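# Working through the structure, step by step
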Amino acid sequence: MAGIGLTHYLTLSAVVFCIGVFGMLTRRNAIGVLMSIELMFNAVNITLVAFARYVTPATVTGQVVAIFTIAVAAAEATVALAIVLLIYQHYRGIDVDRVNFMKW
Amino acid sequence: MDTFSLAFYALAFLIIAAAIFVVTSKNIFHSAIYLILALFGVAGIYVLLQAPFLAAAQVLIYVGAVSMLMIFAIMLTARIADDSIRHTNEQVGTGLLVSLGLLAVIVYSLWQTPFPISAAPMPEGAGGTIGRLLLTQFVLPFEIVSVLLLGALIGAVVIAQKDKVRGVSEPPNTPLPKPAEKVAG
Amino acid sequence: MLELDKLVKIIGDGIDAGISALGLGPAWVVLVQLIVAAAVVLIFASLVVLFLVWWERKVSARFQMRLGPMRVGWQGTIQTIADALKLLQKELITPANVDRGIYFWAPVVTFVAALAVYVTIPFGKGLIVRDLNIGILYILSITTFTVIGLLMAGWSSNNKYALLGGFRSAAQVVSYEVPMALAVVGVIMLTQTLSMGEIVAQQQKFYQWYIWRQPLGFLIYLVAATAECNRTPFDLPEADSELVAGFVTEYSGMKFAMFFLAEFLNMFTVAAVATTLFFGGWNGPVLPSWAWFMIKTLLGVFVLMWFRWTYPRLRVDQLMSFAWKFLLPLAFINIVLTGLGIYIFKS
């Protein structure tokens, strides 16, 4: 096969993103859903860094945006896990299908 | 096949295999370990993309902190009878269809797009350029992200406190309601 | 004088010539060179740990006014080998109801994380396996990885003492990583580079050592590193009188040996990084560079052992509040002072 190019990285990122989408749609454990969301964040980061390498290598803007993505993902994981712990304290379970009290 | 391609394919295989195990493993702790493997693979991809600072930051933040946080949460919320509970909901078929369709659409549009590849060299030095950019061109997002992290820190501490600290005598400890009856059709 | 860098070059060129004579490409040369380097580092790490285990026992004994191992070999030097042989012969018991996969991989993860740091430690002139341009950041990242091994061990052991020990160890290690990284940031502001080889090259004269310009940073690093290694006064998670043996309760034989080795390797790593960042690395007047490195690092390890028999143990809540309420603000003050100093002295 020819050398590794931008398309290879973007395809890898698309595959990981779709695996994350599948996990987010089907997992019952709330932490399982969070892990799938982390996979999606990482796929997006791979895309950003691949673009920084191949399309704009002179300025590493993609890498800076990837750093911001990592920071925001860490903040989001923290708050989401705190909420999961609170739900567990109250209801002794974290099955996302059953935490549906706000549905009409 | 030269070593660069070999490294890329090995890392891609590792990431995809680990990601599949993350979303299909029956044991949530095993899912967390596979997630750590996938994150390491992504750090390797960053090294291939000539972003060594980002690779180190990925390991430091994701593997060292976020994964550890998830493992702590798993340990604190594990139930004894967890293995007998189904770990996926009824939407597995639809979910598979949706994600495969999404994959097909994305990959098709990717392979059709001529991206403007530039052959300019990447700047030397690990982290120096990123640091300069963070403090000149991206200083506003940088400051906002620090406020965001501070808010997340305080918010997480406040949210996860036990009820008795806030004045309620005992947590309700009501069991979760059973899922609603499946509507036929 | 007796520098080893020429020897390293000769071996590297020898491998290059040998593999090229076999007709294989340059990729194979690099691969074989890396395998040889990894084997050398592994052997060196094993020898260092053997020595450190004996030294710890002798030093502890002398601090307590007793003699330590004396019978097996001169002054007990072969005692460690005897202990290692004993551990190797032990039956590998896997308790029932453990999570087998994770139970198996936890000591491997801990040991690999402890060993992977040695890629970029400058042992002497020309004696770095790879002078990565993100050197010190790589070391910080890999040391955060050991937490995962601790948590895996604590969780998979199906034992509440192990689980609590794993929790406490992980919380302690993660809490003390932050002041340690910030103390290192203070040094990096002065060195303007992350590469370990360059940091050593900037400290060639005695007055150029960064300890003189970063005394507060060194103290913060020393305290945080002692906690990172789970050494007294921060060793509550594995104190024998508290939690049986902490997260290694259910491990025996070779698997326990791997945790044990990883702990001693961590001690050596921490002392080696302190030597490189604050004490000039392998620079020194008369002796060869690797001798200076070993002397400085072993002095650092001696100080860590000295702490063990001098200070009482901190309670878990004292430990955590010490990290977050005292060391962390102090590390921030250090960074601000360093920044002010750079600004004043550059203008």
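Residues numbered from 1 in each chain as written. Chains lettered and ligands numbered in written order. Predicted model: local features only at pLDDT ≥ 70, side-chain atom pairs only at ≥ 80, totals over all residues. Heavy atoms only, no water.

### What about unusual backbone geometry?
Glycine aside, residues mostly have negative phi, and peptide bonds are mostly found in the trans state. All names here are of chain C. The condition that has to hold: A run of H or I in DSSP counts as a helix once it spans at least four residues, and a run of E counts as a strand once it spans at least two, with each numbered from the N terminus. Classification of residues uses two cut-offs on accessible area relative to the type maximum, computed with a 1.4 Å probe and protein chains only: under 20% is buried, over 50% is exposed, and between them is partly exposed.
A positive phi is found at M65, a non-glycine position, where the angle reads about 60°. Following the sequence through the fold, M65 ends up in the loop between helix 2 (26–63) and helix 3 (79–89). Judged by relative accessible area, which is 77%, M65 ranks as exposed. With phi around 60°, Q192 is a residue other than glycine that occupies positive phi space.

### Observations regarding the interface of chain C and chain B
Condition: Only heavy atoms matter for contacts: two residues are in contact if any of them lie within 4.5 Å across the pair. For any pair of parts, buried area is found by adding up, for both, the accessible area (1.4 Å probe) each one loses once the two are put together. We define a salt bridge as a side-chain nitrogen of Lys or Arg found within 4 Å of a carboxyl oxygen belonging to Asp or Glu. Side-chain atoms alone can form a polar contact between residues adjacent in sequence; in general such a contact is a pair of N or O atoms within 3.5 Å, and within protein one must be able to donate a hydrogen while the other accepts it.
Counting residues at the interface gives 21 residues for chain C and 21 residues for chain B. Carbon and sulfur atoms supply 86% of the area that chain C and chain B bury against each other, a total of about 1,900 Å² over both sides. On the chain C side of the contact with chain B, C:I148, C:W155 and C:F167 bury the most area, a combined 28% of that side's loss. Our enumeration of links across chain C and chain B arrives at zero salt bridges. Here chain C is connected to chain B by one residue pair in polar contact (both at pLDDT 80 or more). At the level of secondary structure, the elements contributing two or more residues to the side of chain C that touches chain B comprise helix 5 (135–156) and helix 6 (160–191) of chain C.

### A word on the interface of chain B and chain A
Selection criterion: Classification used: nonpolar for Ala, Val, Leu, Ile, Met, Phe, Trp, Tyr, Cys and Pro, charged for Asp, Glu, Lys and Arg, polar for all others including Gly.
Taken together, the contacts link 93 residues of chain B with 77 residues of chain A. Between chain B and chain A the total buried area reaches about 7,800 Å² when both faces are included, carbon and sulfur atoms providing 75% of it. Put simply, chain B and chain A have zero salt bridges between them. Taken together, the links from chain B to chain A amount to seven residue pairs in polar contact (both at pLDDT 80 or more). Of the residues assigned to the side of chain B that touches chain A, the class counts are 68 nonpolar, 18 polar and seven charged.

### Considering the confidence of the model for chain B
All names here are of chain B. The following threshold applies: The pLDDT value expresses, per residue, how confident the predictor is, ranging between 0 and 100.
Residues of chain B with pLDDT of at least 70 account for 79%, and the chain-wide mean is 83. The weakest mean pLDDT in chain B belongs to helix 5 (residues 128–136) at 86; the strongest belongs to helix 2 (residues 28–48) at 93. When the criterion is pLDDT under 50, residues 181–185 qualifies, and its contacts beyond four places in sequence or with other chains add up to one contact.

### Comments concerning the layout of surface pockets
Heads up, the rule is: Within this scheme a cavity is a closed region of a 1 Å grid, computed over the protein atoms alone, that accommodates a 1.4 Å probe without allowing it to escape, whereas a pocket is open but has protein on both sides within 12 Å along at least five of seven lines; lining residues each have an atom within 4 Å of a point. Grid points are joined across faces, edges and corners, and a volume is the space filled by probe spheres set on the points.
The space that makes up the second largest pocket amounts to roughly 2,000 Å³. The wall of the second largest pocket is formed by 50 residues, among which B:F40, B:G44, B:V47, C:V119 and C:Y138 lie closest to the centre. Counting residues per element, the ones that place at least two in the lining of the second largest pocket are helix 1 (3–24), helix 2 and helix 3 (52–77) of chain B together with helix 2, helix 4 (100–116) and helix 5 of chain C. Tallied by class, residues from the lining of the second largest pocket come to 42 nonpolar, seven polar and one charged.

### Section: the environment of C:E250
Residue and element names in this part refer to chain C. Note on placement: E250 falls in the loop between helix 9 (215–228) and helix 10 (254–278). Measuring from C-alpha to C-alpha, the distance between E250 and L319 comes to 25 Å, with 69 residues separating the pair along the chain. Among residues more than four places away in sequence, those in contact with E250 are P95, Y103, S157 and N159.

### Description of empty space enclosed by the protein
Residues and elements named next belong to chain C. All told, the structure shown has three cavities of 30 Å³ or more when counted by the stated rule. The calculated volume of the largest cavity comes to roughly 70 Å³. Lining the largest cavity are I136, I139, L140, T143, M180, V184, Y221, T269, V270 and V273. Going through the elements one at a time, helix 5, helix 6 and helix 10 are the ones with two or more residues in the lining of the largest cavity.

### A look at the arrangement of the chains
Of all two pairs of chains sharing an interface, the pair with the highest contact count is chains A and B. Separated throughout, chain A and chain C approach each other most closely at a C-alpha pair spaced 15 Å apart.

### Details of the packing of aromatic side chains
Rule in force here: Here a pair means two rings of Phe, Tyr or Trp (six-membered ring of Trp) with centres within 6.5 Å. Their orientation is stacked below 30 degrees between planes, edge-to-face above 60, and tilted elsewhere. Both a distance and an angle decide whether a charge sits over a ring: NZ of Lys or CZ of Arg must be within 6 Å of the ring centre and within 35 degrees of the ring normal.
Across all of its chains, the model carries 31 aromatic pairs over all chains by this definition. Judged by centre distance (4.9 Å) and plane angle (75°), the ring pair of A:Y9 and B:F8 falls under edge-to-face. Note that A:Y9 is positioned in helix 1 (residues 6–26) and B:F8 in helix 1, a pairing that runs across two chains. Side by side, A:Y9 and B:F8 carry an identical accessibility label, which is buried. Taken together through their ring pairs, the aromatic side chains of C:F206, C:W209, C:W212, C:F218, C:Y221, C:F278 and C:F279 make up a single cluster. When the ring centre of A:Y54 is taken as reference, the NZ or CZ atom of A:R53 above it lies at 4.9 Å.

### What to know about helix 5 of chain C
Residues and elements named next belong to chain C. Spelled out, the test is: By this rule, a helix spans an expected 1.5 Å times one less than how many residues it contains.
The first and last C-alpha atoms of helix 5 sit 33 Å apart over 22 residues, in line with the 32 Å expected at 1.5 Å per residue. Burial of helix 5 is extensive: 21 of the 22 residues sit out of reach of the surface. In the segment just after helix 5, N158 is the residue with positive phi, at about 55°.

### Concerning the domain arrangement of chain C
Residue and element names in this part refer to chain C. Test applied: For each domain, the first and last residues come from an automatic or database assignment.
When its domains are assigned, chain C resolves into domain 1 (1–50) and domain 2 (93–346). Relative placement of domain 1 and domain 2: their C-alpha centres are 27 Å apart. Roughly 1,400 Å² of surface becomes buried between domain 1 and domain 2 when both sides are summed, with 82% attributable to carbon and sulfur atoms. When the area that domain 1 buries against domain 2 is broken down by residue, the three leading residues are E3, F44 and V49, summing to 33%. At the boundary of domain 1 with domain 2, the tally comes to zero salt bridges. On the surface where domain 1 and domain 2 come into contact, there are zero residue pairs in polar contact (both at pLDDT 80 or more). The dominant element in the side of domain 1 that touches domain 2, judged by the number of residues it contributes, is helix 2, at eight residues. In the side of domain 1 that touches domain 2, the residues fall into 12 nonpolar, no polar and two charged.

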